[in-house]
Amino acid sequence: MIVVEDLHKHFGGFHAVDGASLEIAKGSITGLIGPNGAGKTTLFNVIAGVLQPTSGRVLMEGEDITGLPPHELFHKGLLRTFQIAHEFSSMSCRENLMMVPGGQLGESLWNTWFGRKRIADQERALRAKADEVLEFLTIGHIADLKAGEISGGQKKLLELGRTMMVDARIVFLDEVGAGVNRTLLYTIADAIKRLNEERGYTFVVIEHDMEFIGRLCDPVICMAEGRKLAEGTLPEIKANEQVIEAYLGTGLKNKEALS
């Protein structure tokens, strides 16, 4: 579904992404791991249009999407979440979801004068969909709470819910487990798995929690120094001498640290 070809992103003399090439299969949940500074988040940002690449290409189902801005990629079904949730804190969780779909009738001044019934009908439909999404994610009980008042794990679920309000096809999740307690982390993992199996979402997941990666991801890609170092199942990756060296610099004797 996604092909990255010899991608580079330089910040002055620093090569954050340095010749990365990889493929993401349609319908997969692909894990992306690597030591801090490996270039994982920068790679996400370039693919998702947040950053312009220095060179290289990104293809989505054969279409060159290199450098397209996030709003255009959004309409193609490519979405990403962030390590720190970006909720609208003063709005309710339901309202956070309702505002996601673009091109809503209420955005037109003409419609606010002459299309009030159509606006009301659309808002009822969006409200129903938002409630359905919240129930799917098992957080229907927080629908009317302000998004700024909910826990970090619930905010991660809410971000996942935003992808369900549009026709998402591939979702890039950046450290979805960061700061989340174990119970909610399992809830997030179950939601990702259901979206993959029941709705056909393709996921790419940056995560440092190897248990979380092991529950969800196949294949797993390891990055180091801005490029792909290895790819395989999690047991294969954890046994790979190059991966262990990238994480630890001390060889196989400390491979338990990847457990």
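Note that this is a predicted model, so its numbers are computed, not measured. (Residues numbered from 1 in each chain as written. Predicted model: local features only at pLDDT ≥ 70, side-chain atom pairs only at ≥ 80, totals over all residues. Heavy atoms only, no water.)

Engineer: How do you make sense of the sheet that holds strand β1 (residues 2–11) when you look at a structure like this?
Structural biologist: Backbone-to-backbone hydrogen bonds pair the strands of a sheet. The strands run either parallel or antiparallel. Taken in spatial order, the four strands of this open sheet run β2-β1-β4-β5, and their pairing is antiparallel. Each edge of the open sheet is held by one strand with a lone partner, namely β2 (14–24) and β5 (63–64). In this sheet, strand β4 (residues 55–60) lies alongside β1 in antiparallel orientation, the contact comprising five bridges. Looking at β4, one finds that V3 is bridged to L59. This element, helix α1 (residues 40–47), spans β1, β2 and β4 of the sheet and lies at about 110 degrees to β1. (Pairing = 2+ DSSP bridges. Helix = DSSP H or I, 4+ residues; strand = E, 2+ residues; numbered from the N terminus. Contact = heavy atoms within 4.5 Å. Axes fitted to C-alpha atoms, helices over the stretch in contact; angles between N-to-C directions.)

Engineer: Help me understand the packing of helix α5 (residues 116–136) against helix α6 (residues 152–164), please; the structure alone is not making it clear to me.
Structural biologist: Two quantities define a packed helix pair, namely the angle between the helix axes and the distance between the axes. Across the interface, α5 lies against α6 with an axial gap of 10 Å and an inter-helix angle of 130 degrees. It follows from the interaxial angle that α5 and α6 lie oblique. In terms of crossing hand, the pair formed by α5 and α6 is right-handed. Of the residues in α6, those touching α5 at K129, V133, L134 and F136 are L158, G161 and M164. Of the residues assigned to the contact of α5 with α6, the class counts are five nonpolar, one polar and one charged. (Parallel < 35°, antiparallel > 145°, perpendicular 65-115°, else oblique. Left-handed = near helix turned anticlockwise from the far one by under 90°. Nonpolar A, V, L, I, M, F, W, Y, C, P; charged D, E, K, R; others polar.)

Engineer: Teacher, can you tell me more about the confidence of the model for the protein here?
Structural biologist: Any residue range with low pLDDT should be treated as having predicted coordinates unsuitable for detailed reading. Taken over all residues, the pLDDT of the protein has a mean of 89, while the share at 70 or more is 90%. Confidence drops under a pLDDT of 50 for residues 250–255, and excluding neighbours within four residues, the segment shows eleven contacts in the predicted structure. (pLDDT = per-residue confidence, 0-100.)

Engineer: What is the right way to look at the pattern of salt bridges in this model?
Structural biologist: Summed over the entire model, instances satisfying the criterion amount to 17 salt bridges. Where D64 meets R57, a salt bridge forms, and the shortest distance between an N and an O atom there is 3.9 Å. Taking the relative accessible area as the measure of exposure, D64 reaches 39% and is therefore partly exposed. Measuring nitrogen to oxygen at the nearest pair gives 3.0 Å for the salt bridge that ties D209 to R182. Of the two residues, D209 is situated in the loop between β8 (202–206) and α8 (210–216) and R182 in helix α7 (residues 182–199); the sequence distance between them amounts to 27 residues. (Salt bridge = Lys/Arg side-chain N within 4 Å of Asp/Glu carboxyl O. Buried < 20%, exposed > 50% of the residue type's maximum accessible area, 1.4 Å probe, protein only.)

Engineer: Looking at this model, I keep getting lost on the sheet that holds β8. Mind explaining?
Structural biologist: What the six strands build is an open sheet, ordered β6-β7-β8-β3-β9-β10; its pairing is mixed. Strands at the two margins of the open sheet, each flanked by one partner only, are β6 (78–80) and β10 (227–232). Strand after strand, the sheet turns through a mean of 20 degrees between neighbouring axes, direction not considered. Direction of pairing for β6 relative to strand β7 (residues 170–174): parallel, over a ladder of three bridges. Bridging across to β7, L79 finds its partner in V171.

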